[in-house]
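One letter stands for each residue in the lines below.
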Amino acid sequence: MTRPDPAVLARIAEKLELLTRVEAEHGFGVHIEGPAPLEPIADLPGVAEVYSLFQRLEGDNFRFHAPKEILTPQAWAEHEVDPNDPMGSPLIVGYEMDSVPPGLRAEIRGGDPIYLDREDLDVYYMESSAYVYQYEHPDEDVEFTVIAPDVATFFDEHVLGPRYPELTSVVFGPAATEQRLRKGRHAGEYADNWRRLLIAAGLSS
C-alpha cells in the first residue's frame, strides 16, 4: 500500500474550497464542514489524510465523514476486528441518505453504508440485505460493487468530480441519476442538490 499522491489531496482541498464558495453563493442546502486534521495511521495510508480535509459532506443522497475508528491512533489501536465478519470488518466511509426522512437525519447516521476494505483499501458498495445474507451464508458469493481503488480517488472523482452520477447509479440505480425537480425555483433541474452544486461549480454534469 502506498500513500496517496499529494497532488490528489491538493486537488480535493481545492474542490472543497470551490464548492464552499459556490454553496455560499447559491444556497443549494448541502453541508460542507471542515477541515478537521487527523493523525495519519500507518495501516491505512492516505485515509486519515483525506478525511483531514473535511468534517462532513452531505447532500440529499449521501453523508460522508471520517470513520470513528480513525479519529485517533488510539481509537484505531483499540478497534477490534470481528472474526466472524465475512467482509473483514470494513470501515464505513459514508452513508446513503435517500432512505432517511429529512426530519430524522439529525438522529440517524444514515441508510446503507459505503465501505472501505481495510486490507486493499478499495471503496465499495454492498446492500445491507446482501451483507446480512453473507453473514448467514459465508461460503456463498454475494454481489457488491467496487467503486474506487482508494479513498482519495473516491472523493476526488466520485464525490467531488465527474463520476458522481456513477456513484448515484451504483447505490440507487440508473433511474436515480435522471430525477428532476417538478416545482420550485430549481424546477427542471436535477433533484439531487449535491449534483446541482457540482454542476454549478463546473465539476460534474
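Heads up: the structure comes first, above all this text.
Basis of the calculations
- Residues numbered from 1 in each chain as written.
- Predicted model: local features only at pLDDT ≥ 70, side-chain atom pairs only at ≥ 80, totals over all residues.
- Heavy atoms only, no water.
- 1 Å grid on protein atoms, 1.4 Å probe; cavity = no way out; pocket = protein on both sides within 12 Å on 5 of 7 lines; lining within 4 Å.
- Points joined across faces, edges and corners; volume = space filled by probe spheres on them.
- Helix = DSSP H or I, 4+ residues; strand = E, 2+ residues; numbered from the N terminus.
- Nonpolar A, V, L, I, M, F, W, Y, C, P; charged D, E, K, R; others polar.
- Buried < 20%, exposed > 50% of the residue type's maximum accessible area, 1.4 Å probe, protein only.
- Contact = heavy atoms within 4.5 Å.
- Salt bridge = Lys/Arg side-chain N within 4 Å of Asp/Glu carboxyl O.
- Pairing = 2+ DSSP bridges.

### Let's talk about the layout of surface pockets
Leftover empty space is mapped by rolling, across the atoms, a probe with the size of a water molecule. Its volume calculated, the largest pocket comes out at about 240 Å³. Surrounding the largest pocket, 15 residues form its lining, Asn61, Asp98, Gln179, Ala191 and Asp192 being those nearest its centre. Ranked by the residues each element gives to the lining of the largest pocket, the list is headed by helix H6 (residues 164-172), at 4 residues. Considering only residue class, the lining of the largest pocket consists of 6 nonpolar, 4 polar and 5 charged.

### Quick notes on empty space enclosed by the protein
Throughout the structure, instances matching the rule amount to 1 cavity of 30 Å³ or more. Counted as a void, the largest cavity has a volume near 40 Å³. Taken together, Leu57, Glu58, Gly59, Phe62, Phe64, Val159, Tyr164 and Trp194 form the lining of the largest cavity. Those elements that place two or more of their residues in the lining of the largest cavity are strand S2 (56-58) and strand S3 (62-64). Of the residues assigned to the lining of the largest cavity, the class counts are 6 nonpolar, 1 polar and 1 charged.

### Details of the environment of isoleucine 70
Looking at the element boundaries, isoleucine 70 is found in the loop between S3 and helix H3 (73-78). Accessibility expressed as a relative area gives 0% for isoleucine 70, which makes it buried. Counting along the chain gives 30 residues from isoleucine 70 to proline 40, while the straight-line C-alpha distance between them is 8.6 Å. Residues in contact with isoleucine 70, not counting those within four places in the same chain, are Leu38, Ile41, Leu44, Val47, Ala48, Tyr51, Trp76 and Leu91.

### Details of the pattern of salt bridges
By the definition in use, this model includes 9 salt bridges. The shortest N-O distance in the salt bridge between glutamate 58 and arginine 56 comes to 2.6 Å. A residue is classified by how much of its surface remains accessible, and glutamate 58, at 6% relative accessible area, is buried. Glutamate 58 is the partner of arginine 63 in a salt bridge, and the nearest nitrogen-oxygen pair spans 2.8 Å. With respect to class, arginine 63 is no different from glutamate 58; both count as buried.

### Things to note about the pairing of strand S5 (residues 113-116)
Taking every second residue as pointing to the same face, both faces of S5 are buried, with Pro113 and Tyr115 on one and Ile114 and Leu116 on the other. As judged from the 4 bridges shared by strand S4 (residues 91-96) and S5, these two strands associate in the antiparallel manner. Directly across from glycine 94, in S5, lies its bridge partner isoleucine 114. The antiparallel hairpin formed by S5 and strand S6 (residues 123-125) contains 6 residues in its connecting segment, where leucine 121 sits at a positive phi of about 70 degrees.

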